[in-house]
Amino acid sequence: MVIRVALPIPLRVHFDYLCDSEVQPGCRVLVPFGKRELIGIVWQLNPSDSYDATQLKAVTQVLDQTPVLAAPIRQLLSFAADYYHHPLGDVLTSALPALLRDGKNADPVKGHSYQLTEAGQHLTAEQFKAAKKRLALWQQLQQPQTESQLLEHFQRKELQYFIDQGWALVTPLLYGPYQTAAEQQKSLPLNPAQALAVTAVQQALGSFSCFLLEGVTGSGKTEVYLQAISPVVKAGGQVLVLVPEIGLTPQTLARFEQRFAVPVGVWHSNMTDLERFTVWQRCQTGDLAIVIGTRSALFLPFLKLDLLIIDEEHDSSFKQQDGFRYHARDLAIKRASIQCCPILLGSATPSLESLANVQQGRFAHLELPDRAAGQLMPSVELVDLKQQQMLHGMAGLTRQRIEQHLKLGQQVLLFLNRRGFAPALICHECGWMTECHRCSAFTTFHKQSRQLVCHHCGATKGVPHQCGGCGSTQLAPVGQGTEQLEEQLQQLFPAHRVTRLDRDSTRRKGSLQQALDQILQGEPQLILGTQMLAKGHHFPNVGLVVIIDVDSALYSNDFRAPEQLAQLLTQVSGRAGRGSQPGKVLLQTHYPGHALLQDVIQNGYASFARSALKERQQTFLPPFMFLALFRVEAHQLELCKEWLQQVADHYKNWQQVQLLGPLACPMERKAGKYRWQIQLFAKDRKQLHQSLDSVLTEISRWSLSRKVKWQLDVDPQDLN
DNA sequence: AGCACGCCGACT
DNA sequence: GTCGGCGTGCTC
């Protein structure tokens with residue numbers, strides 16, 4: 001038999017082999033490949049267009065009796081490899097845990113079970129005499145026990161003694177479908193909008209359909225998730241909940257675990273290979289009812305997946321930013337269609353893509369208008385920075401407001417999306433600034449560690465005493481970062497604690513959690529942080545949120561920047577006033593009349609999104625246009641340009657696809673390499689994808705392609 | 001990606 | 001005279 005095998009190499013082709021033994025698609029095989037041996041996945045049996053049969057090598061070993069990749073997953077992966085034009089071998093890497101890629105046995109053994117033999121059952125307590133430990137073990141073994149249960153109280157050699165005596169025997173304990181159970185904790189009462197949403201999803205169970213659940217923070221989205229899940233886990237089905245990278249908080253997990261008496265698993269990037277493998281197996285065997293995980297959980301092999309939930313569906317961390325650049329939300333929709341189950345996308349600030357899908361009738365729209373607990377929405381105040389006396393990056397009014405809220409015994413949250421002390425050091429004599437040698441960027445001054453750090457390539461060096469241009473010793477920090485603001489806030493408000501939360505202050509393991517716990521105790525204080533504060537965390541005692549610098553996001557050349565700013569504003573508004581009082585949001589800007597700001601503030605996100613969508617339509621941007629991007633990196637600028645020019649030349653044949661470029665990436669040099677790009681727009685998705693197929697075949701033929709590092713990004717999230 | 005082959009410069 | 005640099009080709 002000839003089999004077609006997908007191999008872990010970055011080539012967009014399959015390889016054919018001979019195989020005498022029984023195999024099914026989705027099984028792993030060990031095959032000779034050049035001078036090497038590789039583990040591949042059987043992709044097709046007896047392909048009609050097989051490679052010259054006389055040239056075929058034979059499979060060395062079949063590693064699985066049953067497929068590690070079941071048909072639905074293979075269908076998903078195959079679709080993904082086509083859609084993102086990514087080598088299948090790399091795509092498979094996302095779907096298999098490392099241990100399986102390395103050839104580990106995939107049999108789902110949970111552990112070992114000990115039970116008494118006939119001889120063991122006929123023993124009596126008296127026979128143990130003074131052997132108290134053995135008596136206790138015997139008593140516990142009246143019921144079959146897992147090895148791990150027994151090892152809590154007994155030593156391994158005691159277990160072995162029972163086996164040697166023929167009193168007990170060991171059997172492998174296999175994973176299997178979980179025991180369904182009723183809810184542990186009673187569900188909360190629903191308001192009419194929530195009830196409508198729950199009913200809609202529940203009625204859709206068993207068939208493919210997409211729902212967009214739009215509800216502001218505090219409107220009770222999680223309760224809708226939980227009640228939508230309820231009938232699924234009562235019927236023995238499985239649910240996948242995808243969350244953004246930072247959203248995987250212990251509280252979220254606890255809420256799911258407390259509600260249902262069924263096994264809940266988690267999946268995220270901090271797990272060990274063995275932990276991942278175990279979750280993978282428990283999914284495959286149906287042992288886990290619910291999995292909460294970040295984007296790659298999308299590829300887990302569920303036995304009976306009946307519902308998908310994507311929380312914070314607008315979040316950009318669902319798009320992988322290197323290698324296989326897939327969007328987990330988009331692929332999740334594909335997966336739901338393959339599995340014939342509903343998918344629920346939830347957000348307070350839906351992506352424009354999803355809203356367009358609602359408008360075009362592809363998604364059903366479920367709205368939760370009210371804050372569940374009936375709190376008031378926070379009020380937003382714009383602080384016009386023009387001609388203001390600024391102190392430490394804050395206008396007088398801003399400082400007053402902070403003071404007022406501290407006096408009221410509330411906490412104040414400040415956002416500044418720039419870590420470090422200052423974005424650069426500047427020479428007071430000649431204007432020279434500290435630059436990274438390898439990137440087109442300045443190096444950030446970190447005062448505490450006394451270092452200059454490039455935030456783009458990670459290079460660090462000591463702080464110079466002299467200007468690199470004129471030799472002057474007059475070097476001063478320019479601009480403001482969180483480290484500096486922390487110091488300044490402490491000076492301005494010496495009576496209050498200032499907590500800074502950014503990548504630097506939370507580097508030590510557990511220090512983030514420690515800071516969050518301390519904040520939750522509610523003492524009036526200033527909390528200051530970067531983007532990492534914006535998502536997921538709940539601070540009930542925060543009465544005021546200040547956004548120090550709105551302007552840098554207002555005027556960005558990234559077409560998604562307005563959308564992201566509107567999302568940030570809405571999300572942080574949700575952070576304020578979750579307790580009894582309504583919160584306040586303060587925005588510092590030089591452009592208080594800016595249409596986007598006005599629209600979001602006065603009419604809310606939904607209104608903003610409607611106008612933003614119209615604008616995207618008029619300017620021929622996604623989601624009304626399909627976009628793909630070729631990026632190329634090389635040490636020599638000329639190689640970048642030449643390679644892209646060849647791509648551009650190829651596109652002369654494709655009238656339906658519009659080109660923008662070749663042009664430099666927003667950050668032209670990074671880690672010593674030049675970076676250029678070409679943007680491809682098409683009205684017709686099919687045309688775009690056909691053109692990509694054809695240009696990729698060309699690219700693989702060019703010898704220039706090996707002197708540069710290039711990548712294709714389909715549906716890019718940002719143009720960097 | 002890896003691995004081999006092959007052709008040119010600087011070393012024990 | 002070799003060792004090893006990386007350009008090029010190939011992997012069913």
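Residues numbered from 1 in each chain as written. Chains lettered and ligands numbered in written order. Predicted model: local features only at pLDDT ≥ 70, side-chain atom pairs only at ≥ 80, totals over all residues. Heavy atoms only, no water.

J.: What should I look at first to understand the state of the cysteines in this one?
T.: Disulfides are covalent bonds that link the sulfur atoms of two cysteine residues. Under the defined criterion, the tally for this structure stands at 0 disulfides. Here Cys210 is not disulfide-linked; the sulfur of Cys341 is the nearest cysteine sulfur, at 9.7 Å. Residue class for Cys210 comes out buried when judged on its relative accessible area of 6%. Between Cys457, a cysteine without a disulfide, and Cys436, which holds the nearest cysteine sulfur, the sulfur-to-sulfur distance is 3.7 Å. Look at Cys457 and you get partly exposed, because its relative accessible area is 22%. (Disulfide = S-S within 2.5 Å. Buried < 20%, exposed > 50% of the residue type's maximum accessible area, 1.4 Å probe, protein only.)

J.: What is the right way to look at the protein's contact with DNA strand C in this model?
T.: Taken together, 13 residues are adjacent to DNA strand C, and Asp16, Phe33, Tyr51, Lys57 and Arg706 come closest. Among all atoms of DNA strand C positioned within 4 Å of the protein, those belonging to sugar or phosphate total 39%. Take Gly34: an N or O atom from its main chain is 3.1 Å from a sugar or linking oxygen of DNA strand C. Counting residues per element, the ones that place at least two in the surface near DNA strand C are strand E2 (15–18) and strand E3 (28–33). Ranked by the residues each element gives to the surface near DNA strand C, the list is headed by E2, at 3 residues. (Near = heavy atom within 4 Å. Polar contact = N/O pair within 3.5 Å; in protein donor to acceptor, adjacent residues only side chain to side chain. Helix = DSSP H or I, 4+ residues; strand = E, 2+ residues; numbered from the N terminus.)

J.: Honestly, the packing of aromatic side chains in this entry has me stumped. Any pointers?
T.: Under the definition given, this model contains 19 aromatic pairs. Centre to centre, the rings of Phe128 and Trp138 are 5.7 Å apart; their planes meet at 40 degrees, and the pair counts as tilted. Remark: Trp138 occurs in helix H5 (residues 132–140) and Phe128 occurs in the loop between helix H4 (118–121) and H5; sequence separation between them is 10 residues. We classify Phe128 as buried; its relative accessible area is 6%. Sitting over the face of the ring of Tyr161, Arg134 holds its NZ or CZ atom 3.6 Å from the ring centroid. One cation-aromatic arrangement involves Lys334 over Phe79; the distance from NZ or CZ to the ring centre is 4.4 Å. (Phe/Tyr/Trp six-rings, centres within 6.5 Å; stacked < 30°, edge-to-face > 60°. Lys NZ or Arg CZ within 6 Å of the ring centre and 35° of its normal.)

J.: Help me understand the sheet that holds strand E30 (residues 657–670) in this model?
T.: Working definition: the strands of a sheet are paired by backbone hydrogen bonds and lie parallel or antiparallel to each other. The sheet built from 4 strands is open, its strands ordered E30-E31-E29-E32 with antiparallel pairing. Only two strands of the sheet have a single partner each, and these edge strands are E30 and strand E32 (709–714). The sheet shows a mean angle of 20 degrees between the axes of neighbouring strands, taken without regard to direction. Pairing analysis gives 6 bridges linking strand E29 (residues 626–634) to E32, with the strands arranged antiparallel. In the sheet register, Leu629 faces E32, and the bridge partner there is Asp713. Contacting E29, E30, strand E31 (673–682) and E32, helix H21 (residues 685–701) runs over the sheet at an angle of about 25 degrees to E29. (Pairing = 2+ DSSP bridges. Axes fitted to C-alpha atoms, helices over the stretch in contact; angles between N-to-C directions. Contact = heavy atoms within 4.5 Å.)

J.: Please clarify how the environment of Leu520 should be interpreted in this entry.
T.: Within the secondary structure, Leu520 is located in helix H16 (residues 511–520). C-alpha of Leu520 to C-alpha of Pro540: the two residues are 20 residues apart in sequence and 7.4 Å apart in space. Every residue in contact with Leu520, bar those within four places of it in the chain, is listed here: His538 and Pro540.

J.: What exactly am I supposed to notice about the sheet that holds strand E4 (residues 36–45) here?
T.: Strand order in the open sheet formed by 5 strands is E2-E1-E4-E3-E5, and the pairing between neighbours is antiparallel. Each having just a single partner strand, E2 and strand E5 (61–62) make up the two edges of the open sheet. Sheet topology note: the strand E1 (residues 2–6)/E2 ladder contains 4 bridges and is antiparallel. By the bridge assignment for E2, Val2 is matched with Leu18.

J.: What is the right way to look at the pairing of E4 in this model?
T.: A regular strand places its side chains so that they alternate between the two faces of the sheet. As paired elements, E1 and E4 share 4 bridges and run antiparallel to each other. For Arg4, the partnering residue across the bridge sits in E4 and is Gln44. Relative to E4, E3 runs antiparallel, the two being bridged by 6 bridges. Its bridge partner lying in E4, Phe33 is registered against Arg36. Hairpin remark: E3 followed by E4, antiparallel, with 2 residues in the connecting loop; positive phi at Gly34, about 60 degrees.

J.: Explain the protein's contact with DNA strand B to me, please; I cannot follow it from the model alone.
T.: Taken together, Ile9, Pro10 and Arg36 make up the full set of residues near DNA strand B. Counting only the atoms of DNA strand B within 4 Å of the protein, the fraction contributed by sugar and phosphate is 62%.

J.: Explanation requested: the pattern of salt bridges in the structure shown.
T.: When charged atoms on two side chains of opposite charge get close, those side chains can pair. By the definition in use, this model includes 28 salt bridges. Note that Glu245 and Arg295 form a salt bridge whose closest N and O atoms lie 3.1 Å from each other. Of this pair, Glu245 sits in the loop between strand E10 (238–242) and helix H10 (250–259) while Arg295 sits in the loop between strand E12 (290–293) and strand E13 (305–311); the two residues are 50 residues apart in sequence, bridging distant segments of the chain. Where Arg675 meets Glu633, a salt bridge forms, and the shortest distance between an N and an O atom there is 3.8 Å. Placement of Arg675 in strand E31 and of Glu633 in strand E29 is noted, with a sequence separation of 42 residues between them. (Salt bridge = Lys/Arg side-chain N within 4 Å of Asp/Glu carboxyl O.)

J.: What's the story with the packing of helix H8 (residues 192–204) against helix H9 (residues 221–234) in this structure? I'm lost.
T.: As a packed pair, H8 and H9 sit with axes 9 Å apart at the nearest point and diverge in direction by 35 degrees. Here the hand of the crossing between H8 and H9 comes out right-handed. Facing Gln194, Ala197, Val198, Val201 and Gln202 of H8, the residues of H9 in contact are Glu223, Val224, Gln227, Ala228 and Pro231. Of the residues that constitute the contact of H8 with H9, the class distribution is 6 nonpolar, 3 polar and 1 charged. (Left-handed = near helix turned anticlockwise from the far one by under 90°. Nonpolar A, V, L, I, M, F, W, Y, C, P; charged D, E, K, R; others polar.)

J.: Help me out: how do you make sense of the pairing of E10 in this one?
T.: Across the 5 residues that make up E10, a large majority, 5, are buried. Here E10 shows no split at all, with Gln238, Leu240 and Leu242 on one side and Val239 and Val241 on the other all buried. As judged from the 4 bridges shared by E10 and E12, these two strands associate in the parallel manner. Residue Leu242 lies in a different strand from E12, and its bridge partner there is Gly293.

J.: Help me out: how do you make sense of the packing of H9 against H10 in this one?
T.: Packed helix pairs are characterised by how far apart their axes lie and by the angle those axes make with each other. Interaxial distance between H9 and H10 falls to 11 Å at its minimum, and their mutual angle equals 35 degrees. Considering how the two elements wind past one another, H9 and H10 form a crossing that is right-handed. Between H9, through Thr222, Glu223, Leu226, Gln227 and Ile229, and H10, the contact on the second element is made entirely by Arg255, Phe256 and Arg259. Across the contact of H9 with H10, the residue classes break down as 3 nonpolar, 2 polar and 3 charged.

J.: Explanation requested: unusual backbone geometry in the structure shown.
T.: Peptide bonds are trans in most cases, and residues, glycine excluded, mostly fall at negative phi. The omega torsion across Pro622 and Pro623 is 5 degrees, close enough to zero to call that bond cis. Here Pro623 lies in the loop between helix H19 (595–618) and E29. The phi angle at Arg450 is positive, at roughly 50 degrees, despite the residue not being glycine. Positionally, Arg450 belongs in the loop between strand E21 (444–446) and strand E22 (451–453). Overall, Arg450 belongs to the exposed group, its relative accessible area being 52%. Positive phi, close to 50 degrees, is recorded for Ala671, a residue that is not glycine. Summarising the element assignment, Ala671 is placed in the loop between E30 and E31.

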